[in-house]
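Topology and contacts: notes
The lines below spell out each chain.
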Amino acid sequence: MTQHLHPDPVPLLPYIGKWLLLSAAVAALAGSASSLFLFALDWATATREATRWLLWLLPLAGFGVGWLYLRYGQQVEAGNNLLIDEIHDPKKVIPLRMAPLVLGGTVISHLFGASVGREGTAVQMGGALADQLTRLCRLQHEDRRIILMAGISAGFASVFGTPLAGAVFGLEVLAIGRLRYDAILPCMLAAILADQVSLLWGVQHSHYLVPHIPPVSAWGLAAMLLAGAVFGLAGKLFADATHALSARMKRWIGYAPLRPLAGGLLLAVLAWSLPLDRYLGLGIPTIVEAFQQPLAPYDFAAKLALTVLSLGSGFKGGEVTPLFYIGATLGNALAPLLQLPLPLLAGVGFVAVFAGAANTPLASTLMAMELFGSDIGIYAALACVVSYLCSGHSGIYKAQRLGQGKHRPLPEGMTLGDLSGRRPPPQP
């Protein structure tokens, strides 16, 4: 006789209740922190644009932030990589000082003209604040892993206004080729609620318009394959160049605060003399322009170079918004070559370069649909997956583990840093 198994609702209800409360707490903390950060970022950007001579203080600002991290922040300097490492191998609660240090360091970077982003700051604040609940609620290792992932999702969702992408980003960013479904409910709850918290604080996110998405066609799909490969190579170049410059700066300059001082001096001279103001900071106005009109074909390369210089020399911030800039302007340049609408290629490039550099094709596809509408889904998905494959086993997060090789067998459990030879392999 066939037996019908009925799930027992009793253990499920306490589980849902526990994570609803914990996720709400994480969302309140991360969403509020992201809101404060975004308001501070708007002030810093407006002040820099109105007071251009602040660019000459960038070397001193870099030295100051470098000194603060050397004096007070060595435990948290690894940033996003520390969060990923703690999720895989929980050791000790992340110091709360990570949040104010990265907040202040990023705002200072933007105030004086470094070319950095904002995602890293929001994710680090979300993770650090969420981890403080570990002691308060006496969470075990498995629950601590999950609450850290929820903090990452909440930070990402609230800073970009993309809750679905934020939820999946927290699940997808940890390991290439593997998702952590045990955290899907907390990550989803934290991302959705954190986005709502930021809206309640009055945050207004940037809007990008893709007015017309052509019907799916053979050429459209073929063009996405070609564009996706280019976007993936751009993402790989960005990640590899940033890591390479960072490693060389550490070899060339032993005293950490002098690295951003040297990088800031070079950046200030270049930006003032050429000039390169449109490539500093977040560059949101240029990203918006990429959806509206043809731009200079070298815009993506200039932004890539200045962001590599800024991050590689030690300035604090994120990589994702510069990747959006690089992708949108590269898509803008490819549109006439591939005979597709300019806004479509700008939108697809916006997410696909990020997909390749961060190894997060699913989160990137969802982001495209949240930002530009569901009709772009097929084009964005194809380009993001191809970008992910073409970026190889590299990425902006060296602590990412290898769950499964992209297109060839590789040992599981290694990090991207192990594969590049920059980190020692994990001990058994």
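Residues numbered from 1 in each chain as written. Predicted model: local features only at pLDDT ≥ 70, side-chain atom pairs only at ≥ 80, totals over all residues. Heavy atoms only, no water.

1. A look at helix α12 (residues 299-312)
- In this model α12 runs 20 Å from its N-terminal to its C-terminal C-alpha over 14 residues, within 8% of the 20 Å that 1.5 Å per residue would give.
- Extensive coverage of α12 is indicated by the burial of 11 of its 14 residues.
- Turning to α12, its buried residues are Asp299, Ala302, Lys303, Leu304, Leu306, Thr307, Val308, Leu309, Ser310, Leu311 and Gly312.
- In this structure, the buried residues of α12 make contact with α9 (218-252), α10 (258-273), α11 (284-290) and α13 (320-338).
- At the C-terminal side of α12, Gly314 shows a positive phi close to 115 degrees. (Helix = DSSP H or I, 4+ residues; strand = E, 2+ residues; numbered from the N terminus. Expected span 1.5 Å × (residues − 1). Buried < 20%, exposed > 50% of the residue type's maximum accessible area, 1.4 Å probe, protein only. Contact = heavy atoms within 4.5 Å.)

2. Quick word on the layout of surface pockets
- Of the pockets and cavities examined, the largest pocket occupies roughly 960 Å³.
- In this structure, the largest pocket is lined by 36 residues; those nearest its centre are Glu77, Ala78, Ser246, Lys250 and Lys316.
- Those elements giving two or more residues to the lining of the largest pocket turn out to be α2 (58-72), α3 (80-88), α5 (119-136), α9, α10 and α12.
- Residues of the lining of the largest pocket, tallied by class, amount to 13 nonpolar, 15 polar and 8 charged.
- If you add up the space inside the second largest pocket, you get close to 590 Å³.
- For the second largest pocket, the lining is made up of 31 residues, of which Thr45, Leu282, Gly283, Ile284 and Pro285 are closest to its centre.
- Taken together, the elements giving at least two residues each to the lining of the second largest pocket come down to α1 (9-50), α6 (141-160) and α11.
- Here the lining of the second largest pocket gets 8 residues from one element, more than from any other, and that element is α1.
- Split into classes, the residues belonging to the lining of the second largest pocket amount to 16 nonpolar, 7 polar and 8 charged. (1 Å grid on protein atoms, 1.4 Å probe; cavity = no way out; pocket = protein on both sides within 12 Å on 5 of 7 lines; lining within 4 Å. Points joined across faces, edges and corners; volume = space filled by probe spheres on them. Nonpolar A, V, L, I, M, F, W, Y, C, P; charged D, E, K, R; others polar.)

3. Thoughts on the nonpolar core
- Phe169, Phe231, Ile287, Phe291, Leu345, Phe350 and Phe372 are the most contacted members of the largest nonpolar core, which totals 126 residues.
- Residues within four places of Ile287 in sequence aside, it is in contact with Tyr208, Leu282, Thr321, Phe324, Tyr325, Ala328 and Phe350. (Core = buried A, V, L, I, M, F, W, Y, C linked by side-chain atoms within 4.5 Å.)

4. As for the state of the cysteines
- Applying the stated criterion across every chain, the model contains 0 disulfides.
- The thiol of Cys137 is unpaired, and the distance to the nearest cysteine sulfur, on Cys187, comes to 17 Å.
- In this model Cys384 remains outside any disulfide bridge; the closest cysteine sulfur is found in Cys390, 12 Å from its own. (Disulfide = S-S within 2.5 Å.)

5. Remarks on the UniProt feature "transmembrane region" (unreviewed entry) in the protein
- Sites flagged by UniProt as "transmembrane region" (unreviewed entry) map to residues 20-41, 53-70, 146-171, 216-235, 256-275, 323-356 and 376-397.
- This span, residues 53-70, is 72% helix and 0% strand, and a straight line between its end C-alpha atoms measures 27 Å.
- When the span residues 323-356 is considered, its composition is 91% helix and 0% strand, and the gap between its end C-alpha atoms is 10 Å. (UniProt positions renumbered as here; feature names shortened; annotations may be inferred.)

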